[in-house]
Amino acid sequence: MITVFGEGRGFRVVWLLEEMGLPYRLRDVDLLAGVENDAEFLEMNPAGFIPAIRDGDVTMVESIAIMEYLLGRYGPTTLAPSPQEAAFPAYQQFLHLGEAGLAASVYFVSGARNIAPEDQRDNWSARQAMEVFTTRLGLVTRRLEKAPYLAGDAFTAADISVGYALEMARKNIGFVLGDAEQAYMARLRERGGYQRALATCHATRGWWMS
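Residues numbered from 1 in each chain as written. Predicted model: local features only at pLDDT ≥ 70, side-chain atom pairs only at ≥ 80, totals over all residues. Heavy atoms only, no water.

Participant: What should I look at first to understand the side chain of Glu 18 in this one?
Facilitator: Its location among the elements puts Glu 18 in helix H1 (residues 10–20). In contact with Glu 18, other than residues within four places in its own chain, are Tyr 24, Gly 193, Arg 196, Ala 197 and Thr 200. (Helix = DSSP H or I, 4+ residues; strand = E, 2+ residues; numbered from the N terminus. Contact = heavy atoms within 4.5 Å.)

Structure, rendered in structure tokens:
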């Protein structure tokens, strides 16, 4: 049984597991209560951040790395085009862009706007992170003008990566998505895997729906 520790970006992992039909359990990690009080989690991941997984003797952190592990370990699957397929370059690019260019930038903007002292909420670093997000989002927009999904005609794990980042931007920083992105998100939300993941991830559902 694969154990997923923590929601947040762990939603990506749960969504992927649902799409792949793999058995798992979600183990809550309460970051607000302080991971220093969660000895089991810290023993597995001393760095104290989420998500993490345990799969037999394998322990991993970082949501995109975990996704690649699951796709490789339990594939092949149409969620990950093979390197020989024409869709592979776009798939690989957007799989990583969803975190490196989008979600990571939103994280820092969100911290500045929602947590930082009032006089530091519009600082230079937050504005730089916002610029990174919007320029990378432009790549997503242009791609969606040509295809329904980021790797082409078929849904892949790249859509899980980017879809989570767009939900995060919408809710955490109030970013208003354009028409192409809104139509794209509507397609993603209709998926059974997305809906089952959201039903499992109670904290995520409560936050996004509030």
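There's plenty left to go through after this.
Participant: Explain the sheet that holds strand S1 (residues 2–5) to me, please; I cannot follow it from the model alone.
Facilitator: Across a sheet, strands are paired by hydrogen bonds formed along the backbone, either parallel or antiparallel in direction. The four strands lie next to each other as S2-S1-S3-S4, forming an open sheet whose pairing is mixed. In this open sheet, the two strands that pair with only one neighbour each are strand S2 (24–27) and strand S4 (58–61). Adjacent strand axes in the sheet meet at a mean angle of 20°, parallel and antiparallel pairs treated alike. Both strand S3 (residues 52–55) and S4 contribute to a ladder of four bridges, which runs antiparallel. By the bridge assignment, Asp 55 is partnered in S4 with Val 58. Each of S1, S2 and S3 touches H1; the most contacted strand, S1, lies at about 155° to it. Along the sheet, helix H3 (residues 63–74) contacts S1, S3 and S4; its crossing angle with S4, the most-contacted strand, is approximately 140°. (Pairing = 2+ DSSP bridges. Axes fitted to C-alpha atoms, helices over the stretch in contact; angles between N-to-C directions.)

Participant: It is not clear to me how the environment of Tyr 149 should be interpreted in this structure. Could you clarify?
Facilitator: Position of Tyr 149 among the secondary structure elements: in the loop between helix H5 (124–144) and helix H6 (157–172). Along the sequence, Tyr 149 and Glu 7 sit 142 residues apart, while their C-alpha atoms lie 25 Å from each other. Ignoring anything within four residues of it in the chain, the contact list for Tyr 149 reads Arg 143, Ala 154, Phe 155, Asp 159, Tyr 184, Arg 187 and Leu 188.

Participant: For this particular structure, what's the right way to read the packing of H3 against helix H4 (residues 88–114)?
Facilitator: Each packed pair of helices is defined by two parameters, the angle between the axes and the distance between the axes. At a closest axis distance of 9 Å, the pairing of H3 and H4 adopts a crossing angle of 145°. Facing Ser 63, Ile 64, Met 67, Glu 68 and Leu 71 of H3, the residues of H4 in contact are Tyr 91, Gln 92, Leu 95, His 96 and Glu 99. When its residues are assigned to classes, the contact of H3 with H4 shows five nonpolar, three polar and two charged. (Nonpolar A, V, L, I, M, F, W, Y, C, P; charged D, E, K, R; others polar.)

Participant: Is there a simple way to explain the nonpolar core in this structure?
Facilitator: As a rule of thumb, soluble globular proteins bury nonpolar side chains together. Counting residues in each nonpolar core, the largest one holds 57 residues, and the members touching the most others are Phe 11, Leu 16, Leu 70, Val 140 and Tyr 184. Each residue touching Val 140, except ones within four places of it in the same chain, is listed here: Phe 94, Leu 97, Leu 102, Leu 150 and Val 162. With seven residues, the next largest nonpolar core counts Val 35, Met 44, Ile 50 and Ala 52 among its residues. (Core = buried A, V, L, I, M, F, W, Y, C linked by side-chain atoms within 4.5 Å. Buried < 20%, exposed > 50% of the residue type's maximum accessible area, 1.4 Å probe, protein only.)

Participant: Sorry, what's going on with the pattern of salt bridges here?
Facilitator: A pair can form between side chains of opposite charge whenever their charged atoms are brought close. Scanning the model with the defined rule gives ten salt bridges in all. Across the pair Glu 118 and Arg 121 runs a salt bridge, and its minimum N-O distance is 3.6 Å. The partner of Arg 127 in a salt bridge is Asp 122, and the shortest N-O contact between them spans 3.7 Å. What makes Arg 127 partly exposed here is its relative accessible area of 42%. Using a relative accessible area of 56% as the deciding quantity, one classes Asp 122 as exposed. It is possible to trace a salt-bridge network through shared partners that takes in Arg 9, Arg 12 and Glu 99. (Salt bridge = Lys/Arg side-chain N within 4 Å of Asp/Glu carboxyl O.)

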